Each structure stands twice: as structure tokens, then as C-alpha cells.
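Survey of secondary and tertiary structure
What follows is the residue order along each chain.
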Amino acid sequence: MAKTTNASWPDSWQTLEHGIRTGRYTDSEFAQLEQQKLWTKAWQMAARLDEIPEQGDYTVYEIGHQSVMIVRVDADTIKAYHNFCPHRGTALAEADCSGTFENNRIICPFHGWRWDLAGNNQYILEQQQFRNGQLIASDVALREVKLEIFAGFVFINFDANPQPFAEFIAPVGQLIEDLAVGDMHHYWWKSVVAPCNWKVAVEAFLEGYHVPATHPQLEVAGAEFIFGDDVSGPPPEYSHVDHQYEIFPNGHGRFLGGKKTPMAGHTKVQGDPVDIMANRLNLLVEGMDAMVLKEDVDLVRALKGKPIPEGSSLGAEYVKSLYSTAAAQNRPMPKLLPEVLDQWGGEIFVFPNLMILPQAGNTMIYRVRPNGADPDSCIFEIFSTKTYPAAQKQSRAVVQPMTDAHDPEQFLQIPRQDFANLPRMQKGLHTQGCKQIWLAEYYEKLILNMHQEMDRYLTEE
């Protein structure tokens, strides 16, 4: 297999033409290289605006050894600061935490140095003791981190001269904006420490190829053959037409929900079409409660007994009901365009670690990041967002830390099924016999594209 990356690297770090060497997932030295050259250079989602809705609100984002405070200065201004006091280095806010700076003052808990929300120093005890009495406020202003607001996300970049954000997001920016993700707000947000490399967790969600085996209850093509007793016949169709994958520059990518999603239905199930569609959608409510919500299923059930106009379909009538209901509630929705509807039930991947999974007026968002410098551990977060009526005040987004990804009281069925694969993959990657993983040329091409973009960062001088 031809190598596509740095000839000076050990063989265990190489990205290959059809696969990945396993040292990229297991070696501490490779994880350190990522910290030095990827996470300090790449744009990354540090927060949702729902985490800091009011003046003085802050949230802390951490990646490796870096800690950043995201602060709402006023209604129109958000700033990001390195989380340290210029005096002796004390962290000004606690790790992975959110809160509100009382009286809009940022105060160091150690010696009481104080700043306003814009990062300007306001007070130093015995200031004349420093720098021969020449220390001035601008010497100790809080150090800013590059920041951009996009679609309700706060993106940051540690590099002094990063790639322009507009250029970075351009390949997928319009796709995300058309989905009205910026108009969606907090429904729930959970985090858990997963015992695997962060890339293992990301890659688990860059393809729908795993769905037949991992989520057999969704009844997609392949599940019956995988778990059936008779495998002598031809396997079921799993075609490119129904699972469309697309890669973009800058490491981004997407796949579409396709015609054979649980929403569309395709197995030979007898019964009322409305009941069949509602029951399949309800599998996603009971299994995830994120992309599809109970109120969406209720709209399907309300169509029972109603005639379908000539030239229309049950799916089209459901979409009409979604949009007319939202209009009556003065609730924003994605653009009503065929290319936007095609994205429902699929995913948009924003390099290096953000996944956006839209469906109607809801979006499930995954963010995965390294857990410190440990190559065998990561922090996995699920954000569930939805649109609300304009007059309804939204609550502040606060994370719910979870302790057990396998506990049905903490996670519903679909994430539990996904999480079950992660430690098994990490364990297998460590075995002496596993030197590389193989990637499907089509279904897993987002994974290869991600690694190739990573290599661009990791090999830059």
C-alpha cells in the first residue's frame, strides 16, 4: 500500500492509499505531535452561543494543555482569552466549566488582580511594586485568542496568523447556513469520557456503513443478511445512490440521508404507510431524542386518514406539515430547497472534530476532542438543538457530565450502541497483529480525507 505522507515518519504513523497505520491512534508521540501542530493551528468549535447568552457569562474550553475562556462582553461582542492571570499564571476560570463573572469583573482568586470583560486590567494590588513602578494596564491585559462566530458556534484558533475563517469554512459554510443551525438552540447537551483515541470516535460517525450491524433495529439494508442464518444468496443492495458521500477541501465532508434511510423506509413491511413512517421515526425518538423529536412524529400521525393530493407523497405532505406548523408558531426552519431536504438524516463534517446531523428543525451535534495527552481517551459531547417559537425564551446551555456511556439512565439506545464499539476498536488497534486498518474507497472516504488534511498540518514546518 502506497504511503501518502511524510517519509521521515515511522511506518506506524503513515496514511496509506487505502488505509491508516495504527500508530496514529495509539502512540503517545503522535498525540503530542497533534497537540503541537494540529490543535494549535486548526479552527475548532469552542462553544455554542447558548452557553453564554447574557453579558458576563463565560464558558471554558480546553484542548490538550490549552485552556480558553469564552466571554460575552455585551450583546454584540464575544471574546476568547487564554485562561491565565499574567501575574503568576493562575487560571482565572475553572476547567471545563461555565458561569457568570459577578458585576462583570474578572478577578484572579490568588491576589485579586482584576479585569473588565473586554480584557482591560482595572486593578493591581501594590502596582508600584512591579517593573520598577513602570507596569501599566496594557502590559497585563488579557491575551486574546482568534475567534469567529458562525451558525451559532464560537470557533477559535490559537495561531497568530491562521487561515482566514471564511476560507476554512467555505466548502461547507452555505450547507450549514441553509440548515438554519444558527437559529437552533439548546435542548440537551451531554458529555462523557470515552476510552478511545479521539479519531476513533470521530471516524465512527463519518459513515453510515456501520448502521446495519450496529443499529439493526433501524432496519436498513444489510442487517437481515448480517444476522440471518442463510447467507448463501446475494447480499442486499447497499448502493452509492442511496448513501451519497462527498469530500471537500480543508478536510470537510458530508453524506446524505439517501432514499433508504429509516425515515424513508424500504423494507417489506405491511400496514398503513402513516403508521409505518411514524413507527420508524419513533425509533429515532426512543433511541436518541435529538434529530427527530416526539412532536415531529405527532405531525406524521396527524396525517392518518387524510388523502394525499395527486402528484404528492406522504413524505411531501409531512414536510408541508412541518413547515406550516413552524410558520404558525413563528419558528425558523431550514431553507425549503431540495438540496437542503436531501441533507436531512445525513451529516456534515467540519474538520477536525465537529459533526452536524440535521433533520427538519432539529440538529444533533457531535464534538470529540483529546482528553489531555492520553491517546487512549477522549471527551465525547452530544449537543441536541432545535428551533423554538420566536417569543419563547431559551434556557442557557449547561453540559450534563455523564459517567457511564453504557447506562440506559444516562444515554438512550442509539448512542449506547455506538459507544459500545469504541473501546473494542481501541483495544484491537493496540494488538501486535493490527498494523493498519482498511478503508472502503467510497463509504469511508471522509475518514481518509480527514487524515490527509491532518497530515498537511502535521508536516508543516
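Located above this text is the structure these notes cover.
Residues numbered from 1 in each chain as written. Predicted model: local features only at pLDDT ≥ 70, side-chain atom pairs only at ≥ 80, totals over all residues. Heavy atoms only, no water.

Next up on the list: the packing of aromatic side chains. Scanning the entire structure with this criterion turns up 24 aromatic pairs. Judged by centre distance (5.2 Å) and plane angle (75 degrees), the rings of Trp 43 and Phe 165 are edge-to-face. Here Trp 43 is found in the loop between α2 (28–37) and β2 (44–48), whereas its partner Phe 165 is found in helix α3 (residues 165–178), with 122 residues between them in sequence. Considered together, Trp 43 and Phe 165 belong to a single accessibility category, that of buried residues. It is Arg 456 that lies over the ring of Tyr 457; its NZ or CZ is 4.9 Å from the centre. (Phe/Tyr/Trp six-rings, centres within 6.5 Å; stacked < 30°, edge-to-face > 60°. Helix = DSSP H or I, 4+ residues; strand = E, 2+ residues; numbered from the N terminus. Buried < 20%, exposed > 50% of the residue type's maximum accessible area, 1.4 Å probe, protein only. Lys NZ or Arg CZ within 6 Å of the ring centre and 35° of its normal.)

Right, let's talk about the side chain of Thr 387 for a bit. Looking at the element boundaries, Thr 387 is found in the loop between β18 (374–386) and β19 (400–401). Owing to a relative accessible area of 4%, Thr 387 belongs among the buried residues under this scheme. A polar contact of 3.2 Å, which involves the side chain of Thr 387, links it to the backbone oxygen of Pro 332. (Polar contact = N/O pair within 3.5 Å; in protein donor to acceptor, adjacent residues only side chain to side chain.)

Attention now goes to unusual backbone geometry. Of the consecutive residues Phe 351 and Pro 352, the connecting peptide bond is found in the cis state with omega at 5 degrees. Mapping Pro 352 onto the fold places it in the loop between β15 (347–350) and β16 (354–359). The phi torsion at Glu 126 lies on the positive side, around 55 degrees, for a residue other than glycine. Secondary-structure assignment places Glu 126 in the loop between β9 (121–123) and β10 (146–150).

Now for the sheet that holds β2. Here 3 strands make up an open sheet; going across it, the order is β2-β11-β10 and the pairing antiparallel. Each edge of the open sheet carries a strand with a single partner, namely β2 and β10. Looking at each pair of strands side by side, their axes are set apart by 30 degrees on average, direction ignored. Looking at chain direction, β2 and strand β11 (residues 153–157) are connected through 4 bridges and run antiparallel. (Pairing = 2+ DSSP bridges. Axes fitted to C-alpha atoms, helices over the stretch in contact; angles between N-to-C directions.)

Here the focus is helix α11 (residues 413–430). Between the first and last C-alpha of α11 there are 28 Å, a value that for 18 residues agrees with the 26 Å anticipated at 1.5 Å per step. Along α11, the positions that sit buried rather than exposed are Ile 414, Pro 415, Gln 417, Asp 418, Phe 419, Leu 422, Gln 426 and Leu 429. (Expected span 1.5 Å × (residues − 1).)

Turning next to the environment of Asp 376. Among the secondary structure elements, Asp 376 is positioned in strand β18. Each C-alpha atom, one on Asp 376 and one on Thr 90, is 29 Å from the other, the two residues being 286 residues apart in sequence. Residue contacts for Asp 376: discarding those within four places in its chain leaves Tyr 25, Ala 194, Pro 195, Cys 196, Asn 197, Gln 426 and His 430. (Contact = heavy atoms within 4.5 Å.)

This part is about the sheet that holds strand β12 (residues 185–194). Read across the sheet, 8 strands follow the order β13-β14-β15-β16-β17-β18-β12-β19 without closing on themselves; strand pairing throughout is mixed. What marks the edges here is a single partner per strand, and that holds for β13 (245–247) and β19. Pairing of strand β14 (residues 253–255) with β15 involves 3 bridges; the strand directions are antiparallel. Each bridged residue has a counterpart across the sheet, and for Phe 255 the counterpart in β15 is Glu 347.

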